[in-house]
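Residue-level structural notes
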Amino acid sequence: MRHYETIFVVNPELSEEENAQVIEKFTGILTGGGAEILKTDLWGRRRLAYTVKKFNKGFYVFLEYGAPAAAVSELERNFKIDEKIIRFLTVKKGDVFDVEALAEAEALAKAKAEARAAALAARRAQSDDDDEDDEDDDFDGQRDYDDEEERA
């Protein structure tokens, strides 16, 4: 199995139930072909960069999965047939699909993002503390320049 990502755009005039049916149909095609779906993200209705089949908006869906090449070919064949699909794009991410390794990499990326967010929050808190400690202002809001000269 290989690692793939597919983004497809569904007709924006469909109801939520019809969107759910379309997504279920295509995930079913993948799983029926022996694929393992790792992630399904519904990005929602968004404006298209340019008009496609007389549509200015579309409902975006992102799939990340591991599948044999035959399953991907069948999925794309069905995308071409179905009138509810405006556009689609499939990208091969890698030749090997290892769910455990991907889960570890995702957990590591999440931990790094949380650490970055915590460091940023700490820096912001430190910056806020520095602003509060700066009480060299007179009652009229002007700085006391004599104090700054003494510090230099």
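Presented here is an overview of the structure given in this document. Being a predicted model, the structure only gives us computed values, none of them experimental.

Overview of the environment of V72
Mapped onto the elements of the fold, V72 is located in helix α2 (residues 69-81). You can call V72 buried: its relative accessible area is 7%. It is 9.4 Å that separates the C-alpha atoms of V72 and T6, two residues lying 66 residues apart in sequence. In this view, V72 contacts Y4, Y65, A67 and T90; residues no more than four positions away in its chain are not counted.

A word on unusual backbone geometry
Look at K53: it is not a glycine, yet its phi comes out positive at around 50°. Locating K53 in the fold gives a position in the loop between β2 (36-52) and β3 (55-67). With phi around 65°, K54 is a residue other than glycine that occupies positive phi space. With respect to the secondary-structure elements, K54 resides in the loop between β2 and β3. Owing to a relative accessible area of 80%, K54 belongs among the exposed residues under this scheme.

Examining α2
The end-to-end C-alpha distance of α2 is 19 Å, a good match for the 18 Å that 13 residues give at a rise of 1.5 Å each. Within α2 the residues assigned to the buried category are A71, V72, L75, N78 and F79. Viewed end-on, α2 has its buried residues packed into an arc of 125°, placing them on one side of the element. Residues of α2 that are exposed and point over 90 degrees away from its buried face: A70, K80 and I81. Buried residues in α2 make contact with β1 (2-10), α1 (16-32), β3 and β4 (85-94).

Describing the nonpolar core
Among the nonpolar cores identified, the biggest contains 20 residues, and F8, V10, F26 and Y65 are the most heavily contacted of them. Residues V9, L48, F55 and I86 belong to the second largest nonpolar core, which totals 6 residues.

Focus on the side chain of E64
Along the chain, E64 falls in strand β3. Taking relative accessible area as the criterion, E64 reaches 9% and is therefore assigned buried. Separated by 2.8 Å, the side chains of E64 and H3 make a polar contact. Residue contacts for E64: discarding those within four places in its chain leaves H3, Y4, E5, I37, L38 and K39.

What counts, and at which threshold
Residues numbered from 1 in each chain as written. Predicted model: local features only at pLDDT ≥ 70, side-chain atom pairs only at ≥ 80, totals over all residues. Heavy atoms only, no water. Helix = DSSP H or I, 4+ residues; strand = E, 2+ residues; numbered from the N terminus. Buried < 20%, exposed > 50% of the residue type's maximum accessible area, 1.4 Å probe, protein only. Contact = heavy atoms within 4.5 Å. Expected span 1.5 Å × (residues − 1). Arc of directions from axis to C-beta. Core = buried A, V, L, I, M, F, W, Y, C linked by side-chain atoms within 4.5 Å. Polar contact = N/O pair within 3.5 Å; in protein donor to acceptor, adjacent residues only side chain to side chain.

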